[in-house]
Structures are given as structure tokens and as C-alpha cells.
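# Per-entry structural report
The residues making up each chain are set out below.
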Amino acid sequence: MAIYYHQNNRIFTLETARTTYQMKADDLGFLLHLYYGAKVSGNMDYLLTYYDRGFSGNPAESAMNRTYSLDVLPQEYPCVGTGDYRSSALIVHNGDGSDCCDLRYVSHEIRQGKESLQGLPAVYADREEAETLEIVLEDAVSAVRVRLLYSVLEKEDIITRSAEIINGGTEKVIVEKAASACLDFLTDGYDLICFCGRHSMERNFQRREIARGNCIIGSRRGTSSHQYNPAVIVARQETTEDMGSCYGMMFVYSGNFMCEAEQDQFGQTRVMMGLQSDLFHYPLEQGEKLVVPETVLCYSDEGYGKLSRQYHRCIREHICRGTYSHKIRPVLLNSWEAMYFDLDGEKIYKLAKEAAALGIDMVVMDDGWFGKREDDNSGLGDWQVNEEKLGCSLGELIEKINHLGVRFGIWIEPEMVSEDSRLYREHPDWVMKVPGRKPVYARNQLVLDFSRKDVRDAIFENICEILDQGNIEYIKWDMNRSIADIYSLTTDQGKVTYDYVLGVYDFLEKMMRKYPNVLIEGCSGGGGRFDAGMMYYTPQIWCSDNTDAVDRLRIQYGTSFFYPACTVGAHVSAVPNHQTGRTTSLRTRGVVAMAGGGFGYELDPGTMTEEEKEEVKQQIVQYRKYAELIRTGDYYRLSDPFCDPYVSWLIISQDGRQALLSVVMLEIHGNMKVNYVKLKGLEREALYEEQNTGRSFYGSALMEAGLPMPVELGEYRAYQIELQMK
Ligand code: GLA
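Below is a short write-up of the structure.

### Concerning the packing of helix α3 (residues 345-358) against helix α5 (residues 394-403)
Where α3 meets α5, the closest approach of the two axes is 9 Å, and the angle between their N-to-C directions is 20°. When the axes of α3 and α5 are compared, the pair comes out roughly parallel. For the pair α3 and α5, the crossing hand works out as right-handed. From α3, G345, I348, Y349 and A352 reach across to α5, where they touch L397, K400 and I401.

Structure below.
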């Protein structure tokens, strides 16, 4: 059992293998947060203190008790108008024009298992793996009800939180803001770690103190964005990679989000994760509800290294779905950096022949195969094969390629339309565009109104016609702009940002059902929608449009804090790299790309020398040897690429017997000093054999003293060392 309720003091205790989460419905009916962290025993309500605090309001029922104030007390789901002047989890605009919401405890239920969320991705678990607590709160005046849902995955040390906002009254209300999780801490001393960036340089680690005032990150771009990832770590100031306590908050959602961290007047800390309140005014008529996407909480008392491994397991086992979620992925050869839009059937066939010779499993025909698509200014939305370009039908091309023993995959961007397209000419009203205003263009394309079922259904039909033309075994689902013109001809304007995302999910769900054996890789200009929400439908996501091995080290480092290697699409591309102009060795590019479970190539092998081709063949053999380990192993970050002279990571198999150490040197100097890489996660007393040399070392030696890296000339030298427990 993971969830306990004590009737006499109305305390709820959620227990995982190593953590405790506790809250209490107090005498006034407010749901107060008591504790979250390492496992503890007993009731934690002794932590609550009551003092008369000037200018902090007191609820009417506290009956002149000036020491009771929600402005000070830790809460589970704080609201506006209750005397709490800090940021609130929920703002509801009532029928009478007010924004008050005074939520009090009504009832609760504890159930075995975990339900899915209507229209949304969420952590899933078998009945025996999870337990769920539902607490119903209500505002007596407006009859707005909130169902707070807490699910505990005991073994995984995971607690999920989401909320349903229900209009139980007769008047229409508008939800202006809704979070799914609020963590109130009684003290200061916390840092907020977030992963921010830009197109082609996503998810850079940023750590800052949660000081007085509010620190807000989020997205207003319609997708989770390249700029801020919807997953943060709240760490004690002394916490490091391997030591100290920290909390993760990962939003399972792919659209506009908001994370707020705040330190209040008494040094207490509040962190919330939820829907972005800008561009959001969700109306609820009588009886209607809004489901707030799930936040996955996790706590680690051994730094953020352990926290990451817990999230990796959660995503691998409880978020990714479908045939490929537990399967080694095909090695891909993608046409994009090999030929961009200069694509035709012959070139794709040649690519497939090269793939066959190199031992690559699958060729992916990227952008440019449909409609009038010579560049990125036209053709999106016209999902008809350009047979003139291919020189045959799609079915014939695929057959020819399959005949070589090579599988076939294709690129699509269903959410978009070019003005210069048949689709736009026929259905200009399917686009998101504010009446009377000129739209905002990005990559010269417009966004289809995916909040509308009729639009989605029509596109779905078009795409299925393509997919049914041959043996397509992989789809790259792209989304190449941020949304600016929030307007729908049929959806209520306040709902558009949310309903759009649910529309994308609905489309993906239908696609997964219709094509259960097709692997779908997510993409949004690389990693612009790299989030746990998408992972529910697309078990791998193109990590970044930046394929430069050295930049990728940093991008993949930031990505690894929440997302497991099996979700990371990473390819070896040509040099000089197309995004940076940097040249790195084929070996280095291979070692870096092998940090992802979606391994492949993004180049034209026709331009390679025979030696290089030989090396690629070896690389693929090597990758296959480690593919299962990379997919399922425990991931340890051994350095910080933003300050250390090398980047290193270690993957250890679940049985602990095999480990793969990867190291890429970032610096080279004359008369270079030796770098010692210290390993982690090994068994101290076990003996490990280095496979390439036959040397053996004790786990304790490798962890305490490390392995000396060779001093060799040349930039960005890469090493991959396999260790086997003896
Ligand atoms: C995006 C993707 C690329 C490629 C292009 C095609 O930028 O991230 O990998 O597919 O679109 O237009």
C-alpha cells in the first residue's frame, strides 16, 4: 500500500520506496502541504507554525484568529482571493466577474491503479504498480470543483499530479490559469535548474537561486519550445550531480506551459508547474471540465544524477508506448543533410544502395518528396507524392528499396500549410489567422487549425493515403514554426492553444492505432517539442537540428537530465558540419551519436572515401553491439561539458555486468596534462575487464582514482571503452 489516510487528523500520506509526501485537510477544510522528501515517519503537521503576520489576511472562519493565514501556510493548490498573495495554482473568472476561488475539502477516494487523462498523455502503470488518490475540493459559492489526482508509483519513486477543474455551478466561468502541481517548501535555500536554449542549441543547463520575487519560465509558442524545456529541478543550494537533495517536476505536455518559482516574504519557497496563463482563457459552461496535464514529481537524496536515472526509467517504462518502446530502433540514413530539397527518386535509391552496402537498416526520405516542394516556400499541405520527381510511384520506389534489404521511412509535417499550395487555395479558412490582420509567417508557412476536428480528419485522410502506398516503416513528424496567430473559426478563442495540442495528440493517437508497427520520430526543427508528452506517441525525437558533434555533447548533456537515451535521435553527419563549419573525426561523431538510441546517419555516403565507409561499417557493428545497453542501461554523467575539459558519460547495464564509457576531449594543449575520468555506479569490490586491452580494475579504483585518458594530438579525440564485470 502506498497511500494512507488518517481519519482523525485528515492527513494523507503518499509513500514511495524512498520518499514520503504528506498533506492535510485542516479544520477549515484547506488542503495544506506538510512534507515531500526522503522517507519519514509520523505526522508532519508539527511543522506548521502560526503567528500573527502583519498584512497577511485571515479567513472569516478562523474567527478572529490572526495567526491563521493562507499567505504563510504551505498549500497543495493555492487560489486567488483567499488571502494568499503569492502566485496561485488556479485562477477562475466567475460568472459574477470576480476571480475568487476558495477551495475546501469535500471528499476523497483511494483507488488501485492509475487512470489515463482524457485526451492527454500521462504516465501509465499496471493496476498493481500504482495507487491513486483523488481529493475533491470545492468553492461553495461558484460551485467550481477541483479534482486533484495523485498517483504513486511506489517502486519507481514517482508521484504524478494532475487536476480537473469542473464547473459545478450554473453560470459560465473562465479558467485563466491552472497548474497541475504546486510544491511549497517551508524554507529558502533552493535553486531552480532549467534547460533553456534556442533553435539548434537546445536544453542548456542553467542554475539560479530562487530568491525573493518570481522566476518564471515557459512557452507561449504553441509548442513546449527550444527556448525552455517543460521540466525543472528544484535543488538545495548545496546539491550537486551526486550529492544532496533535489526534486524534479516534469510536465507531460507539448504546448504552452509555465513554471513559476517564488520565494515569499518569510523565505518560504513555492514552485508550480502548469499551463501557460497567457493566451489562455478556458471557458467552462455548466458541467464542463478542463483537464490540466500531468506533472511527474520525483525526489532524489543523491543529487540530480540519481534523479535523472529515475526519470529515465519512468519515461522508458511508463510513458513511451508502442511496438518500438521496448525495441532496438533501426539505424537510419536520412536524406536531409545529404541532399536537402535537391531530392529525386534516383538519389534516394542510390542512398538506399549505399545504406545496404554499409549495413544501415533504413533510408528516410526527408522533406521535398510531395506537392510543389522545391524549397521551403511552397507545397506544405499537399500530401501528394511528386511522382515526376520520384520517377515512379512511391510504392514502386519503396519496393525497389526494400528489395535491397533496406527499410523505408518518410518525413511529414501535418500541422502546416504553405500559402503556395493547393490545400491553402482550396481551404484558406483552415489556417490559424486573426480576421482582419495579416498573419505572422515563419519559414514562410502557416499553421493549420488542429484544434478543429474537420481539419485534422482531412489531413489524416491525406496522410493515410500516402502511408498506404507502400511498406512505410518509419515516420518523421515535423513541426517547423512557433504559433503566433491564435485564432480559430470554430473553437472558442480562449481554448485554442490547449485544444491545438490535444488535436495533435488525437491525430497521433489515431496514427499509432492505425499503424501500430510504424516507428514515429518526433521533431520540431530538431528539439523544439522534445517533451514527455510527445514521448507518449513518439518514442524517439530528433534531439536538435544541430548535428555538430561538439555542440551535440552539450545539447545531449542537458537533454539527459530528464530524458533517457532511447528517446534521443542522434546522427553522424558530414564535415565540415553544416551548422557550425567545424570538423571532427568520424570516430568522434560516431561516439557522440551513440549516446542516443535513435542512431543514424545524415550524410551522403557517396561522397565518402573507401576508408571512411569501412569505418562507418565498423561503427554500425559497434553500435549494434551496444544498442540494447544504450537503450536500457543506467546513465551516469561523469563530467560537466560547460566547465570540464572533457565530456564523459557511462552507461551500465541493468544487471551491472556491462558498462560502456564514452569520453570526448574538449581541449588540447601543448605538453598536455593527463585527464583522469572517474567512473560511477560500479560495484566497489567487483573486478572489471577493459575489453580492448584486457586490463582489469576494481570498481573502487575506477570510481575513486579513475582511468587516465591518453594524451594524443588532435582536437576532440573520442574514446569508447567497454568494461565487463569478471
Ligand atoms: C526541420 C527538421 C530537419 C529537416 C527539415 C526539413 O528543420 O528538424 O531535420 O527535416 O525540417 O524541412
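### A short note on the nonpolar core
The biggest cluster of nonpolar side chains holds 203 residues, and the ones touching the most others in it are Y77, L90, I165, L290 and W369. The element contributing the most residues to this core is helix α8 (residues 496-514), with eleven residues. If sequence neighbours within four positions are ignored, Y77 has contacts with A89, L90, L103, V146, L148, R161, A163, I165, A178, A179 and V292. One finds Y636, Y646, L682 and Y719 within the second-largest nonpolar core, a separate group that totals 23 residues.

### A word on the site of the ligand
The environment of the ligand is formed by 13 residues, the closest being D366, D367, R443, K476 and D545. Between R443 and the ligand, the recorded distance is 2.9 Å, taken from a side-chain N or O atom to an oxygen atom. Taking 300 Å² as the accessible area of the ligand by itself, protein coverage stands at 96%. Each residue belonging to the shell around the ligand can be placed in one class, and the counts come to four nonpolar, three polar and six charged.

### Re helix α1 (residues 303-318)
An α-helical turn contains 3.6 residues, so a residue and the one three or four places further along point in the same direction. Over its 16 residues, α1 runs 23 Å from end to end, which matches the ideal 22 Å to within 8%, given 1.5 Å per residue. Taking burial as the measure, the 16 residues of α1 include 14 buried ones, the bulk of the element.

### Here's the deal with the sheet that holds strand β2 (residues 11-15)
With antiparallel pairing, the four strands of this open sheet are ordered in space as β1-β2-β3-β4. Each edge of the open sheet carries a strand with a single partner, namely β1 (3-6) and β4 (31-38). Neighbour-to-neighbour, the strand axes of this sheet turn through a mean angle of 15°, independent of strand direction. By the bridge criterion, four bridges tie β1 to β2 in an arrangement that is antiparallel. Note on β2: the bridge partner recorded for I3 is L14.

### Some words on the state of the cysteines
Under the counting rule described, the total for this entry stands at zero disulfides. Unpaired in this structure, C79 has its nearest cysteine sulfur neighbour in C101, at a distance of 4.3 Å. The exposure class assigned to C79 is buried, which follows from its relative accessible area of 4%. C314 forms no disulfide, and the closest cysteine sulfur to it belongs to C298, at a distance of 7.8 Å.

### A closer look at a nonpolar patch on the surface
A contiguous nonpolar surface patch, about 270 Å² in accessible area, is contributed by V674, Y676 and V711. Summarising the element assignment, Y676 is placed in strand β33 (residues 676-677).

### Some thoughts on the pattern of salt bridges
This model, assessed by the stated rule, comprises 56 salt bridges. A salt bridge links R270 to D184, with the shortest nitrogen-to-oxygen separation between them at 2.7 Å. Highlighted residues: R270 in strand β17 (residues 269-275) and D184 in strand β10 (residues 173-185), separated in sequence by 86 residues. Of the residues examined, R270 reaches a relative accessible area of 1% and is grouped as buried. Across the pair R443 and D376 runs a salt bridge, and its minimum N-O distance is 3.1 Å. Taken together, the positions of R443 in the loop between α6 (422-426) and β24 (445-447) and D376 in the loop between β21 (362-365) and α4 (387-390) put the pair 67 residues apart, joining distant regions of the chain. In this structure, a network of salt bridges that share partners links the residues E109, R111, E115, E134, R147, E164 and K289.

### Section: the pairing of strand β31 (residues 646-652)
Within β31, seven of the seven residues are buried, which leaves it mostly tucked inside the rest of the structure. Side chains of β31 alternate between two faces, with Y646, S648, L650 and I652 and V647, W649 and I651 buried alike. Bridge count between β31 and strand β32 (residues 658-665): seven bridges; the pairing is antiparallel. Among the inter-strand pairings, V647 is bridged to a residue of β32, identified as V664.

### What about the environment of Y536?
Relative to the assigned elements, Y536 resides in the loop between α9 (532-535) and β27 (540-542). When the C-alpha atoms of Y536 and M703 are compared, they prove to be 36 Å apart, with 167 residues separating the residues in sequence. In this structure Y536 touches L120, P121, A122, Y124, I319, R321, E509 and M512, once residues within four positions along its chain are discounted.

Criteria and cut-off values
Residues numbered from 1 in each chain as written. Predicted model: local features only at pLDDT ≥ 70, side-chain atom pairs only at ≥ 80, totals over all residues. Heavy atoms only, no water. Axes fitted to C-alpha atoms, helices over the stretch in contact; angles between N-to-C directions. Helix = DSSP H or I, 4+ residues; strand = E, 2+ residues; numbered from the N terminus. Parallel < 35°, antiparallel > 145°, perpendicular 65-115°, else oblique. Left-handed = near helix turned anticlockwise from the far one by under 90°. Contact = heavy atoms within 4.5 Å. Core = buried A, V, L, I, M, F, W, Y, C linked by side-chain atoms within 4.5 Å. Buried < 20%, exposed > 50% of the residue type's maximum accessible area, 1.4 Å probe, protein only. Near = heavy atom within 4 Å. Polar contact = N/O pair within 3.5 Å; in protein donor to acceptor, adjacent residues only side chain to side chain. Areas by Shrake-Rupley, 256 points an atom, 1.4 Å probe, with all protein chains shown as cover. Nonpolar A, V, L, I, M, F, W, Y, C, P; charged D, E, K, R; others polar. Expected span 1.5 Å × (residues − 1). Pairing = 2+ DSSP bridges. Disulfide = S-S within 2.5 Å. Patch = residues over 30% accessible without salt bridge, like charges linked within 9 Å, V, L, I, M, F, W, Y side chains within 5 Å. Salt bridge = Lys/Arg side-chain N within 4 Å of Asp/Glu carboxyl O.

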